[in-house]
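Chain by chain, the residues:
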Amino acid sequence: PSALRGMVWQLMSASKDTELERIYATLLKQSSPHEKAIVRDLGRTFPQHSFFMDGQGIGQENLFNVLKAYSLYDTEVGYCQGLAFIGAALLLNMPDEEAFCVLVRLMYSYGSRDMYLPEMPGLQLRLFQFDRLVEELLPVLHVHFLRQGIKSSMFCSQWFLTMFSYRFPLDLVFRIFDSVFGHGIEAIFGFSTVLLIKNEEKLLKLKFDQILEYMKGELFDLYRVREPTDRTTESRFRYRADDFVVDAFRVKITPFMLDTYANEYNELRRVQTAHAMEMDNLRTANRGLANQVRELETSLSTLNAEHCEIVKQLVMAKIEREEIEAELVRYKLMYAEVMHDKEDSMSSHRMSQSPTPAGSGRGSSISSFSFPKLGRS
């Protein structure tokens, strides 16, 4: 019964703890770095519910206190948007200090906490398990989702992070919470799978955008019935919550199946991690080789510059050598002329210094004189 639900949740989760309530009172006096994000999400949490409609009301104030206190209590998780809907569902059934204690137990004792860690490892595992359940229990729908490009993270993430409290009827949400507290967080697989089973025929006729829109709320329409009223009052609807719970527990999901999928996921993650490490090693080696290439290119540029300088020096040396050889030839020619002139001068000097022959001297002297003719007396 609604009047006992909050008390039963506390008993099932063993959340009654005076020390934890004292910690909660202490945390309320502190400030959290997540306060702005929490305040921003308060108006988005159950905006149509009278308890949370008033921005200055007790509902939003209590929700802010619970979320702020938990963000300080569990600094590794801090604040995640899905926690606002879970905290709000708890506050609709118990006071804020008790809601805080139940939230702590739900996170730590029921294995929900790893879904809200920065890398969300728990959520990734549960999405993988859900995909494998759909593949095994609904093979036709699984193929249809693949063809339409539908991934479970597109709709199932909100289901798991808010435990179906996001946009879904609270009558059904509270029954899901009942099952989670009684059977563990794995109970959400039965509810998420039965929704697809009951709506498979409809989903197979829809395309990508239509499927995502249908997932936001129409999934529960098959459990909705109109309450009989007179003509003066507006028609109201209620949900067949008992039928929903019974259908969920009829789905054959065993712990062995979930453990098997978890082992598959862990093996896949191990392979992916090994591949990622190998890729990191290759990237590191590639960076090292790239650095070596850059160093070699730098050395090559230096060698090319030095080579160009040496070639330039060789060209200049060759030009100087040719100029020197030309100068040497000129000097040789000058030397040859000098030597030729010297030989000529020496030859002339020798001729001028050599003695005159006797006969030729007298003859020339005689011929230069005229003798008188002598006659007979």
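Within every chain, residues take consecutive numbers counted from 1 along the sequence as written. Where local features are concerned, this predicted model is filtered to residues with pLDDT of at least 70; where side-chain atom pairs are given and counted, the filter is 80 or more; whole-chain, interface and lining totals use all residues. Each side-chain value is worked out from all heavy atoms of the structure, with water and hydrogens disregarded.

A separate point is the UniProt feature "coiled-coil region" (unreviewed entry) in the protein. UniProt positions are given in the numbering used here, feature names are shortened, and annotations may be inferred rather than shown by experiment. Taking the UniProt record as the reference, the feature "coiled-coil region" (unreviewed entry) is found at residues 279-306. Measuring from the first to the last C-alpha atom of residues 279-306 gives 39 Å, for a span that is 100% helix and 0% strand. Numbering of helices and strands runs from the N terminus, with a helix taken as a DSSP run of H or I at least four residues long and a strand as a DSSP run of E at least two residues long.

Where a domain begins and ends is set by an automatic assignment or by a domain database. Per the domain assignment, the segments making up the protein are domain 1 (1-118), domain 2 (119-226 + 238-253) and domain 3 (255-324). Taking only C-alpha atoms into account, the centre of domain 1 sits 24 Å from that of domain 2. Counting residues at the interface gives 24 residues for domain 1, matched by 22 residues for domain 2. Accessible area, probed at 1.4 Å, shrinks when two parts are joined; the buried area is that loss added up over both. When domain 1 packs against domain 2, close to 2,000 Å² is buried across both sides, 72% of that on carbon and sulfur atoms. Of all residues in domain 1, the largest losses of buried area upon contact with domain 2 belong to Trp9, Tyr110 and Met115, amounting jointly to 31% of the total for that side. A side-chain nitrogen of Lys or Arg and a carboxyl oxygen of Asp or Glu constitute a salt bridge if their distance falls within 4 Å. In this assembly, domain 1 and domain 2 are joined by two salt bridges. In this structure, the salt-bridge partner of Arg126 is Asp114, at a minimum N-O distance of 3.6 Å. Two N or O atoms count as a polar contact when they lie within 3.5 Å, although within protein this holds only if one can serve as hydrogen donor and the other as acceptor, and sequence-adjacent residues are included solely when both atoms are side-chain atoms. Across the domain 1-domain 2 interface, the total number found is eight residue pairs in polar contact (both at pLDDT 80 or more). Those elements that provide at least two residues to the side of domain 1 that touches domain 2 are helix 1 (2-13), helix 6 (81-91) and helix 7 (96-108). Looking at the side of domain 1 that touches domain 2, the element that brings in the most residues is helix 6, giving five residues. Gly is placed with the polar residues, together with every amino acid not listed as nonpolar (Ala, Val, Leu, Ile, Met, Phe, Trp, Tyr, Cys and Pro) or charged (Asp, Glu, Lys and Arg). Here the residues of the side of domain 1 that touches domain 2 sort into 16 nonpolar, six polar and two charged. Note on definitions: a residue-residue contact is assigned when non-hydrogen atoms from the two residues lie within 4.5 Å.

Turning next to helix 7. Side chains three or four residues apart in an α-helix point the same way, a direct result of the helix having 3.6 residues per turn. An ideal rise of 1.5 Å per residue puts 18 Å on 13 residues; helix 7 measures up with 18 Å between its terminal C-alpha atoms. Here helix 7 lies mainly inside the structure; ten of its 13 residues are buried. Classification of residues uses two cut-offs on accessible area relative to the type maximum, computed with a 1.4 Å probe and protein chains only: under 20% is buried, over 50% is exposed, and between them is partly exposed. Along helix 7, the residues classified as buried are Asp96, Glu98, Ala99, Phe100, Cys101, Val102, Leu103, Val104, Leu106 and Met107. Among the structural elements, helix 1, helix 2 (18-27), helix 5 (58-73), helix 6 and helix 11 (170-183) are those in contact with the buried residues of helix 7. To estimate the expected span of a helix, count its residues, drop one, and scale the result by 1.5 Å.

Its twelve residues give helix 12 (residues 187-198) an end-to-end C-alpha distance of 17 Å, which sits within 8% of 16 Å, the value for a rise of 1.5 Å per residue. Among the twelve residues in helix 12, ten count as buried, and that is most of the element. Restricting attention to buried positions, one finds in helix 12 the residues Ala187, Ile188, Phe189, Gly190, Phe191, Ser192, Thr193, Val194, Leu195 and Leu196.

This brings us to the UniProt feature "domain: Rab-GAP TBC" (unreviewed entry) in the protein. UniProt records the feature "domain: Rab-GAP TBC" (unreviewed entry) for residues 1-184 in the present numbering. As annotated, residues 1-184 has a helix share of 66% and a strand share of 0%, and its two end C-alpha atoms lie 20 Å apart.

As a further point, take the pattern of salt bridges. A complete count under the given rule lists 21 salt bridges for this structure. The partner of Arg44 in a salt bridge is Asp41, and the shortest N-O contact between them spans 3.2 Å. With a relative accessible area of 47%, Arg44 lands in the partly exposed category. Arg132 is the partner of Glu135 in a salt bridge, and the nearest nitrogen-oxygen pair spans 3.3 Å. Taken together, the residues span about one helical turn, with Glu135 and Arg132 both in helix 8 (residues 121-137) at a distance of three residues. Accessibility expressed as a relative area gives 38% for Glu135, which makes it partly exposed. Each of Arg5, Arg175, Asp178 and Asp242 takes part in one network of salt bridges that share partners.

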